[in-house]
Amino acid sequence: MRRAVISVGLLIVVAAAFLLSIHGTAPYPYREEQLAQVFMAKAEEQGLVLADEAEPIQQAYGNSVTFLMQDEEGVYAWATYVATPLTGEYKEFAFYTQERAQAEPFVYTVNDGLMQYQVCITYGETMQIDSGAEAESVVTWKICAMSLAILLIMANLLMRGKNKGKFEVDNR
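None of the values given here were measured: they were computed from a predicted structure.

### With respect to the sheet that holds strand β4 (residues 90-98)
At step 1: Judged by pairing direction, the sheet is antiparallel, and its four strands sit side by side in the order β1-β2-β3-β4 without closing on themselves. At either end of the open sheet lies a strand with only one pairing partner, and these are β1 (57-61) and β4. Geometrically, the sheet is characterised by an average inter-axis angle of 15 degrees between neighbouring strands, direction not taken into account.
At step 2: By the bridge criterion, five bridges tie β1 to strand β2 (residues 64-70) in an arrangement that is antiparallel.

Right under this line is the structure:
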């Protein structure tokens with residue numbers, strides 16, 4: 001009986017670790033409709049001078065939304081917010097500013113807990129947000145690890161029961 005209780009406890013720990021690996025430990029304080037306002041407020045905090053009618057460019061990909069804008073003095077700002085699949089709420093993943101445009105696009109990797117992909121920011125004459133061509137599933141590896149842990153826990157429980165004679169097979 002003690003081994004069964006320990007096994008159930010371990011299964012709960014494995015399930016909690018899986019959910020924690022997807023959700024993370026940081027809070028997700030924003031709803032999707034708040035993201036543009038949150039981005040603009042953070043840009044102002046970082047010293048950008050925004051026009052009254054300034055609107056950022058927005059691009060959604062996977063579980064993330066990326067914003068890009070240029071202020072009145074030519075400073076660029078962009079940020080990516082990722083959502084948790086558990087509640088659909090968002091947190092800030094990255095926030096960048098750049099004073100003048102570079103010839104090369106700025107590329108960074110986003111891991112939203114389910115997928116890992118690149119975001120490419122092009123600014124200067126034309127401002128645009130592109131998602132990288134390569135996206136990798138990180139949840140697949142998490143599910144494989146969880147499944148292996150569950151399999152080992154259950155196999156240990158069954159083998160222990162078999163060795164104690166609790167699982168007798170009647171071959172009549």
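### Things to note about the environment of Trp 141
At step 1: Tracing the chain through its elements places Trp 141 in helix α3 (residues 139-163).
At step 2: The class of Trp 141 is exposed, set by a relative accessible area of 66%.

### Brief notes about the packing of aromatic side chains
At step 1: Inspection of the entire model under this criterion finds 12 aromatic pairs.
At step 2: Three or more aromatic residues joined by ring pairs make a cluster, and in this case those are Tyr 76, Trp 78, Tyr 96, Phe 106, Tyr 108 and Tyr 123.
At step 3: For Lys 42, the ring lying beneath its charged end belongs to Phe 95, and the centroid distance is 5.1 Å.

### A look at a negative patch on the surface
At step 1: On the surface, a cluster of negative charge is made up of Asp 52, Glu 53, Glu 72 and Glu 73.
At step 2: Mapped onto the secondary structure, Glu 53 falls in the loop between α2 (35-45) and β1.
At step 3: Overall, the relative accessible area of 64% leaves Glu 53 in the exposed class.

### Examining the pairing of strand β5 (residues 106-111)
At step 1: Bridging between β5 and strand β6 (residues 115-122) involves six bridges; their strand directions are antiparallel. Each bridged residue has a counterpart across the sheet, and for Val 110 the counterpart in β6 is Tyr 117.
At step 2: Here β5 hands over to β6 after three residues, with Gly 113 in that stretch at a positive phi of 95 degrees.

### So, the sheet that holds strand β7 (residues 128-137)
At step 1: Spatial strand order, β5-β6-β7: three strands in an open sheet with antiparallel pairing. For this open sheet the edge positions go to β5 and β7, each flanked by a neighbour on one side alone. Neighbouring strand axes in the sheet, compared pairwise and without regard to direction, differ in orientation by 20 degrees on average.
At step 2: Note that β6 and β7 share seven bridges and pair antiparallel. The partner of Tyr 117 across the bridge, within β7, is Ala 135.

About the cut-offs
Residues numbered from 1 in each chain as written. Predicted model: local features only at pLDDT ≥ 70, side-chain atom pairs only at ≥ 80, totals over all residues. Heavy atoms only, no water. Pairing = 2+ DSSP bridges. Helix = DSSP H or I, 4+ residues; strand = E, 2+ residues; numbered from the N terminus. Axes fitted to C-alpha atoms, helices over the stretch in contact; angles between N-to-C directions. Buried < 20%, exposed > 50% of the residue type's maximum accessible area, 1.4 Å probe, protein only. Phe/Tyr/Trp six-rings, centres within 6.5 Å; stacked < 30°, edge-to-face > 60°. Lys NZ or Arg CZ within 6 Å of the ring centre and 35° of its normal. Patch = residues over 30% accessible without salt bridge, like charges linked within 9 Å, V, L, I, M, F, W, Y side chains within 5 Å. Areas by Shrake-Rupley, 256 points an atom, 1.4 Å probe, with all protein chains shown as cover. Salt bridge = Lys/Arg side-chain N within 4 Å of Asp/Glu carboxyl O. Lys, Arg positive; Asp, Glu negative; His and termini not counted. Charge placed at Lys NZ, Arg CZ, Asp CG, Glu CD.

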